[in-house]
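What follows is the residue order along each chain.
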Amino acid sequence: MASEQSAEKTPPVDTPAKDSHTVASSLVLVTTGHGKGKSTAAFGTVLRAVAVGWPVTVVQFLKSGDWQVGEEKMCRKLGVEWLAAGDGFTWDSSDLDESRAQAVAAWEVASERIASGEYRLVVMDEISYAMTWDWIDVADVVSAIENRPPNVSLIFTGRDMDQRVIDAADTVTEMVNIKHAFDNGKIAKKGIDH
Ligand code: ATP
Ligand code: MG
């Protein structure tokens, strides 16, 4: 175990047995939890996908009008099809119904893009909130995962991901908040946080 190795301060010598492992035609990833790093992990994977020549699309389910993450600018330059939906986090949204309508529209686009098979990677950033607030049906999301074309990998991000999406995924990572600069009065910094 890694913890035993680090306790002994010796490098690992055994390579993990791989005989029964295969390369999947696609994978489903979830990054959830209350710590920082969910979206940046997804966009880091986008870079890997672009590096192997995959067509990639990102659908953002929540976005405030003036909040454009740096990844959007760079990903567009790399040919990633980027759709920013939503008009902000609900607590600073002036019109909750509009946020809801935009999240529903974002899911329509995302589910169409998944089913089309035109993309090898579809990222649904901050989609968990749309499920938590019952804006989109979790059963539809699970069905889209299960019925996707074989080569289409998916990434879902956001806090408090629904257990049914977690169950349908291959790799699920929970970001644990140990501490965050914001708690110490330091607001989001461009270049680091967006
Ligand atoms: P990132 O986009 O930096 O990977 P994230 O996707 O894990 O963060 P979100 O919940 O989507 O986190 O929030 C995005 C913004 O909120 C970023 O500016 C991020 O730094 C900030 N943030 C993330 N986690 C926390 C936290 N625990 N406390 C305060 N701010 C946070
Ligand atoms: Mg995020």
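Shown above is the structure to which this text applies.
The structure displayed is predicted, hence computed values, not measured ones.

Attention shifts here to the overall build of the protein. Along the backbone of the protein there are 7 helices and 6 strands. Listing the helices and strands of the protein from first to last along the sequence gives α-β-α-β-α-β-α-β-α-α-β-α-β. Relative to its full complement of 194 residues, the protein shows a buried share of 38%. Counting only contacts in the protein whose residues sit at least 6 apart along the sequence, the fraction spanning at least 24 positions is 76%. For the protein, the accessible area works out to roughly 11700 Å², and carbon and sulfur atoms hold 53% of it.

A few words now on the sheet that holds strand S6 (residues 171–175). Taken in spatial order, the 6 strands of this open sheet run S3-S2-S4-S5-S1-S6, and their pairing is parallel. What marks the edges here is a single partner per strand, and that holds for strand S3 (81–84) and S6. Along the sheet, successive strands turn relative to each other by an average axial angle of 10 degrees, direction set aside. Along the sheet, helix H3 (residues 70–77) makes contact with strand S2 (56–60) and S3, crossing S3 at roughly 150 degrees.

Attention now goes to the site of ligand 1. Lining the immediate surroundings of ligand 1 are 16 residues, of which Lys 36, Lys 38, Thr 40, Glu 126 and Asp 193 lie closest. A distance of 3.0 Å is found between a nitrogen atom of ligand 1 and a backbone nitrogen or oxygen belonging to His 34. Within the side chain of Glu 126, one N or O atom sits 2.7 Å away from an oxygen atom of ligand 1. Coverage of ligand 1 by the protein amounts to 85% of the 570 Å² it exposes when considered alone. When residues of the shell around ligand 1 are assigned to their parent elements, the largest contribution, 3 residues, is made by helix H2 (residues 38–51).

Turning to the side chain of Asp 125, a few remarks are in order. As for its position among the elements, Asp 125 is in strand S4 (residues 121–125). In this structure, Asp 125 is in contact with Ser 39, Phe 43, Val 59, Gln 60, Phe 61, Leu 62 and Thr 157, ignoring residues within four places of it in sequence.

Our focus in this paragraph is the coordination of the magnesium ion (ligand 2). Within the protein, Ser 39 (OG) and Glu 126 (OE) serve as the donor atoms for the magnesium ion (ligand 2), at 2.1 Å. Taken as a pair, Ser 39 in helix H2 and Glu 126 in the loop between S4 and helix H5 (127–132) lie far apart in primary sequence, 87 residues in all. Each member of the pair Ser 39 and Glu 126 is classed as buried.

Let us now look at the packing of aromatic side chains. Scanning the model with the defined rule gives 3 aromatic pairs in all. Taken together, Tyr 129, Trp 133 and Trp 135 form an aromatic cluster joined through their ring pairs.

Right, let's talk about the pairing of S4 for a bit. The two faces of a sheet get side chains in turn, since along a regular strand they alternate between them. Burial analysis of S4 places 5 of its 5 residues in the buried class, which makes it a mostly covered element. Going residue by residue along S4, you find Leu 121, Val 123 and Asp 125 tucked away on one face and Val 122 and Met 124 tucked away on the opposite face as well. Sheet topology note: the S2/S4 ladder contains 5 bridges and is parallel. Within the sheet, the bridge partner assigned to Gln 60 lies in S4 and is Asp 125. Two elements, S4 and strand S5 (residues 153–157), share 4 bridges in a ladder whose sense is parallel. Its bridge partner lying in S5, Met 124 is registered against Phe 156.

Reading guide: rules and limits
Sequence order sets the numbering: in each chain, residues are counted from 1 along the sequence as written. Note on labels: chains are lettered from A, ligands numbered from 1, in written order. Confidence filtering applies because this is a predicted model: local features only for residues at pLDDT of at least 70, side-chain atom pairs given and counted only at 80 or more, and all residues used for totals across whole chains, interfaces and linings. Excluding hydrogens and water, the side-chain values take into account all heavy atoms of the structure. In this text, helices come from DSSP runs of H or I with a minimum length of four residues, and strands from runs of E with a minimum of two, each type numbered from the N-terminal end. With a 1.4 Å probe rolled over the protein chains alone, any residue whose accessible area is under 20% of its type maximum counts as buried; one over 50% counts as exposed, and the rest are partly exposed. Residue contacts are defined here by distance: any two heavy atoms, one from each residue, within 4.5 Å place the two residues in contact. Computed with a 1.4 Å probe, the accessible areas rest on the Shrake-Rupley method; for each residue, only the protein chains presented here act as cover. Strands are labelled as partners when DSSP assigns at least two bridges between them. Angles here are taken between N-to-C directions and fall from 0 to 180 degrees, while the axes themselves are lines fitted to C-alpha atoms, restricted in helices to the stretch in contact. Residues are labelled near a given molecule or strand when at least one of their non-hydrogen atoms is within 4 Å of it. Side-chain atoms alone can form a polar contact between residues adjacent in sequence; in general such a contact is a pair of N or O atoms within 3.5 Å, and within protein one must be able to donate a hydrogen while the other accepts it. Any N, O or S atom lying within 2.8 Å of the metal counts as a donor, and for Na, K and Ca the limit rises to 3.2 Å; water is left out, so some sites can look incomplete. Ring pairs are drawn from Phe, Tyr and Trp, using the six-membered ring of Trp, whenever the two centres fall within 6.5 Å, and their geometry is named by plane angle: stacked under 30 degrees, edge-to-face over 60, tilted for the rest.

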